[in-house]
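# Secondary and tertiary structure notes
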Amino acid sequence: MSDTEDELTAGYRRFRAEHWPTAHAEYEALAQGQKPHTLIVACSDSRADPALIFDAAPGQLFVVRNVANLVPPYEPDGRLHGVSAALEFGVKVLNVKRIVVMGHAHCGGVNAMLHGAPDSCADFVAPWVAQGTPVVQHVAETVAPDQLERAAEEAIVRLSIRNLRTFPWIAEREARGDLELSGLHFGIAEGALTVMTDKPRFEPLA
């Protein structure tokens, strides 16, 4: 086995030895079905795991992760839309009560929007992050260079929230008060969340 496989296997063994003995009843119940209260759209970055950040138990979060926590606009065109499919299932089948878009510090996807995707990632990453490029370019014209990275990451969270509202069955539920949308940003070094408000920049989470 490779070192990575050894790490995974060791982790599984810890799970079975330390966690499973007290959690098996919970998992047996979850095997009958899930009812998460929140759908989270987060980045695939290994440093920003929603389950860890929110100290969530299995079954509580329905998590959708992709490069730069992007939500594309509503486009029911018959093509393959992984994020939209997860949103549809989470909202229409699981009836989540909240959708959270969580960005994070030092996001490689947002960096690619600002400076271009790596040459080796032209097939999928480059066109994927291109949907956020106009937004971060506008940010680059309006903030100081030392604030650009953070401001751009926040702007992508706002973009994803706007795009969520283009889904009619999300907008309808939000208007009725049955669904709440919120945006967050996770500071990796600080381990702290800030929240999107009506102010220009995200505020510390109370």
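Here's a quick rundown of the structure. (Residues numbered from 1 in each chain as written. Predicted model: local features only at pLDDT ≥ 70, side-chain atom pairs only at ≥ 80, totals over all residues. Heavy atoms only, no water.)

## What to know about the overall build of the protein chain
Here is the rule: Labels follow the DSSP assignment, with helices taken as runs of H or I lasting at least four residues and strands as runs of E lasting at least two, numbered in each case from the N terminus. To get the radius of gyration, use the C-alpha atoms; to get the globule rule, take the number of residues to the power 0.38 and multiply by 2.2 Å. With a 1.4 Å probe rolled over the protein chains alone, any residue whose accessible area is under 20% of its type maximum counts as buried; one over 50% counts as exposed, and the rest are partly exposed. Whether two residues are in contact is decided by their heavy atoms, any of which lying within 4.5 Å being enough. In short, Shrake-Rupley with a 1.4 Å probe defines the accessible areas, and a residue's cover is counted only from the protein chains shown. Note that His is not counted, nor are the chain ends; the positive residues are Lys and Arg, and the negative ones are Asp and Glu. Just so you know, the charge point we use is NZ for Lys, CZ for Arg, CG for Asp and CD for Glu.
Check the secondary structure of the protein chain and you find 8 helices and 6 strands. The C-alpha radius of gyration computed for the protein chain amounts to 18 Å, which stays within 12% of the reference 17 Å derived for 206 residues, consistent with globular compactness. The dimensions of the protein chain, computed from C-alpha atoms along their principal axes, are 55 × 45 × 40 Å. Taking all 206 residues of the protein chain together, 37% fall into the buried category. Long-range pairs, those at least 24 residues apart, make up 66% of the contacts in the protein chain with a sequence separation of at least 6. Carbon and sulfur atoms provide 54% of the accessible area of the protein chain, an area that totals close to 11900 Å². Both charge centroids of the protein chain, one from 18 positive and one from 27 negative side chains, sit 7 Å from each other.

## Overview of the packing of aromatic side chains
Heads up, the condition is: Only the six-membered ring of Trp is used, alongside the rings of Phe and Tyr, when aromatic pairs are assigned; centres must lie within 6.5 Å, and planes under 30 degrees apart are stacked while those over 60 apart are edge-to-face, with the rest tilted.
For the coordinates displayed, the defined rule picks out 7 aromatic pairs. Centre to centre, the rings of Phe-15 and Trp-20 are 6.1 Å apart; their planes meet at 50 degrees, and the pair counts as tilted. You can call Trp-20 partly exposed: its relative accessible area is 23%. Both rings, one in Trp-20 and one in Tyr-27, keep their centres 5.3 Å apart while their planes meet at 45 degrees; by these two values the pair is tilted. By relative accessible area, which is 27% here, Tyr-27 ends up partly exposed. Taken together, the ring pairs in this structure connect Phe-15, Trp-20 and Tyr-27 into an aromatic cluster.

## So, the environment of Glu-141
Looking at the secondary structure, you find Glu-141 in the loop between helix 6 (133-140) and helix 7 (148-164). With relative accessibility at 66%, the residue Glu-141 sits in the exposed group. For the pair Glu-141 and Met-113, spaced 28 residues apart in sequence, the C-alpha separation works out to 14 Å.

## Considering the nonpolar core
What counts here: Take the buried Ala, Val, Leu, Ile, Met, Phe, Trp, Tyr and Cys residues and link them wherever side-chain atoms come within 4.5 Å; each set so joined is a nonpolar core.
Counting residues in hydrophobic clusters, the biggest one holds 22 residues, and the most contacted among them are Leu-39, Leu-87, Ile-99, Leu-164 and Ile-170. Where this core is concerned, the elements lending two or more residues are strand 1 (38-43), strand 2 (61-66), helix 3 (82-93), strand 3 (98-104), helix 7 and helix 8 (168-176). Broken down by element, the residue count for this core peaks at 4 residues, all from helix 3. Residues in contact with Leu-164, not counting those within four places in the same chain, are Val-71, Leu-87, Ile-99, Val-101, Ile-170 and Leu-181. Counting 17 residues, the second-largest nonpolar core is a separate cluster that includes Cys-43, Val-136, Ala-155 and Leu-159.

## A few points about the pattern of salt bridges
We count it as follows: Whenever a carboxyl oxygen of Asp or Glu lies within 4 Å of a side-chain nitrogen of Lys or Arg, that contact is scored as a salt bridge.
Enumeration according to the criterion identifies 8 salt bridges in this entry. The salt bridge partner of Arg-150 is Glu-154, with a shortest N-O separation of 3.0 Å. On the criterion of helical spacing, the pair formed by Arg-150 and Glu-154 is a turn pair, its members being 4 residues apart in helix 7. With relative accessibility at 3%, the residue Glu-154 sits in the buried group. Among the salt bridges present, the one from Arg-176 reaches Asp-178, with a minimum N-O distance of 2.8 Å. Residue classification places Asp-178 among the partly exposed positions, given a relative accessible area of 35%. Salt bridges sharing partners connect three or more residues here, namely Arg-150, Glu-154 and Arg-201.

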